[in-house]
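So you can see what is in the structure, the chains are spelled out below.
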Amino acid sequence: MKKSLIIIITISTLFSCKNEAKKMDAGAEVKNETTVKYPSDVIPFMDKWKILLGDGTYVDSLVNYQKDDFFYVENDGQTDWVVYKTPNSGITSKTSSNTRTELGEKKHWIPEEGGKLTGTLKVQHVSTTGHANVSSSFSVVVGQIHSDEGHENEPLKIFYKKFPGHTKGSVFWNYEINTEGDNSGRWDYSTAVWGYDFSVKGPDETTNPEEPKDGIALGEEFSYEVNVHKGIMYLTFTSEGHDTKTFTKSLIKSDFSTQEAIPQQIIDVYASRRTPGIEREIAYAGEINYFKQGAYNQANGKSTKSEIYGGDIAKQYENGSYAEVWFKKATVGESTEPNK
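Keep in mind it's a predicted model, so treat the numbers as computed, not measured.

Asker: Quick one: what's the story with the packing of aromatic side chains, residue by residue and with numbers?
Answerer: What the rule picks out here adds up to 20 aromatic pairs. Geometrically, the ring pair formed by F159 and F172 is stacked, given 4.8 Å between the ring centres and 15 degrees between the ring planes. Taken together, the residues F159 in strand β8 (residues 156–161) and F172 in strand β9 (residues 168–176) connect sequence positions 13 residues apart. Assessed through its relative accessible area of 0%, F172 is described here as buried. Between F237 and F247 the ring centres are 6.0 Å apart and the planes differ by 75 degrees, which places this aromatic pair in the edge-to-face class. Placement of the pair is F237 in strand β13 (residues 232–238) and F247 in strand β14 (residues 245–250), with a sequence separation of ten residues. Assigned by exposure class, F237 and F247 land together as buried. Taken together, the aromatic side chains of W173, W194, F222, F237 and F247 make up a single cluster linked through ring pairs. In this structure, K85 packs its charged tip against the face of Y317, placed 4.1 Å from the ring centre.

What follows is the structure in structure tokens.
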């Protein structure tokens, strides 16, 4: 009788331990599920955006959404970052040869109404291949204003570019004219923030210019603020160890409405390819615009002759044919009075 009692107690104890182990395992599974971080957990404005990924995936509901290898969260040991990653070749939008993993603002606005976009980021990688004498090689756009009417040009593109072999890269911004008449004479005027502007390139396909002395390295943090207020665009760029840079540009009154006003930079860069046009006098006044943010890869197999490995995304990632941008902070909303 005593032996039977001991056996019963032992079996009961074993079952009890197994049940507790199962509960612990189940609890661990629940914990693992709840500790997954989405981009919307790090930067909570994702409900205001849609996204196009470098493989052609389009998503318009970004709360609790991520996609491995394109749009996800990484921690650098101290901070969570939202990662935007895109290959040199993938499925693009209908108006571009360049891939992107990039947010598009759902709300649209005219310059007179305005809006404000901020971002704190570091560029982790740009394409390591391409022709050095093509201005868009080795670069990625990390913020934009895009028109949704007329020519659908871009009043603002914020670039990061680094030549292979250089430690420091450049941050610059481009303004694309809202061309008078047809759009065949369109062009971008580029302004340097740190390092070079868009027009600086190598003398031939394989020779780089000198490294910029005041540039930004891969992995070096910087911030931008784009504040369009009552038709005027106010830009502020900050980075520790670098001078803060500010710029002002009207989006409702053109600086480039006559042939005489076309900058020498434009003549030097575009004259061999096309006749530079002029901008309509009211620029983008009354035209619907919206913000974009993320990684808009400027390297491709067509214009920059960058390596694309037959469009195989895995091979591109393995061999440096991609752009990768990390954001830790960003906001979007109404414009504010300048310097406020």
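Asker: Let's hear about the nonpolar core: which residues, and what values?
Answerer: Of all hydrophobic cores here, the largest spans 60 residues; its most connected members are W173, V226 and F237. Ranked by residues supplied to this core, first place goes to strand β16 (residues 322–333) with six residues. Of all hydrophobic cores here, the second largest spans five residues; its members include V141, F159, F198 and Y296.

Asker: Please give an account of the pattern of salt bridges that cites residues and values.
Answerer: Pairing of side chains with opposite charge becomes possible as their charged atoms draw close. For the structure on display, the rule yields 15 salt bridges. Across the pair R186 and E176 runs a salt bridge whose closest N-O atoms are separated by 2.6 Å. Of the two residues, R186 sits in the loop between β9 and β10 (188–194) while E176 sits in strand β9, which places them ten residues apart along the sequence. The class for R186 is partly exposed, based on a relative accessible area of 33%. The network of salt bridges with common partners includes R100, E102 and K292.

Asker: Describe in detail unusual backbone geometry, supporting the description with residues and values.
Answerer: With a phi angle near 50 degrees, K230 is a residue other than glycine that sits in the positive phi range. Considering the arrangement of structural elements, one finds K230 in the loop between β12 (222–229) and β13. The backbone of K305 sits at a positive phi, close to 60 degrees, despite the residue not being glycine. Inspection of the secondary structure assignment puts K305 in the loop between β15 (289–297) and α4 (313–318).

Asker: Would you mind going over the layout of surface pockets in detail, with residue names and values included?
Answerer: Of the pockets and cavities examined, the largest pocket occupies roughly 1,400 Å³. Of all the elements in the fold, those that place two or more residues in the lining of the largest pocket are β1 (49–52), β5 (100–105), β7 (139–147), β8, β9, α3 (264–270) and β15. Of the residues forming the lining of the largest pocket, the biggest block, four residues, is contributed by β5. Of the residues belonging to the lining of the largest pocket, the class tally is 13 nonpolar, 21 polar and 16 charged. Considered as a void within the structure, the second largest pocket measures approximately 170 Å³ in volume. Looking at the second largest pocket, it is lined by 13 residues, and the ones nearest its centre are E225, Y234, T236, P338 and N339. If you list the elements that add at least two residues to the lining of the second largest pocket, you get β12, β13 and β14. Classifying every residue of the lining of the second largest pocket by side-chain character gives four nonpolar, six polar and three charged.

Asker: Quick one: what's the story with the environment of I267, residue by residue and with numbers?
Answerer: Checked against the element boundaries, I267 lands in helix α3. With a relative accessible area of 37%, I267 lands in the partly exposed category. Separated by 80 residues in the primary sequence, I267 and W187 have C-alpha atoms spaced 10.0 Å apart.

How each quantity is defined
- Residues numbered from 1 in each chain as written.
- Predicted model: local features only at pLDDT ≥ 70, side-chain atom pairs only at ≥ 80, totals over all residues.
- Heavy atoms only, no water.
- Phe/Tyr/Trp six-rings, centres within 6.5 Å; stacked < 30°, edge-to-face > 60°.
- Helix = DSSP H or I, 4+ residues; strand = E, 2+ residues; numbered from the N terminus.
- Buried < 20%, exposed > 50% of the residue type's maximum accessible area, 1.4 Å probe, protein only.
- Lys NZ or Arg CZ within 6 Å of the ring centre and 35° of its normal.
- Core = buried A, V, L, I, M, F, W, Y, C linked by side-chain atoms within 4.5 Å.
- Salt bridge = Lys/Arg side-chain N within 4 Å of Asp/Glu carboxyl O.
- 1 Å grid on protein atoms, 1.4 Å probe; cavity = no way out; pocket = protein on both sides within 12 Å on 5 of 7 lines; lining within 4 Å.
- Points joined across faces, edges and corners; volume = space filled by probe spheres on them.
- Nonpolar A, V, L, I, M, F, W, Y, C, P; charged D, E, K, R; others polar.

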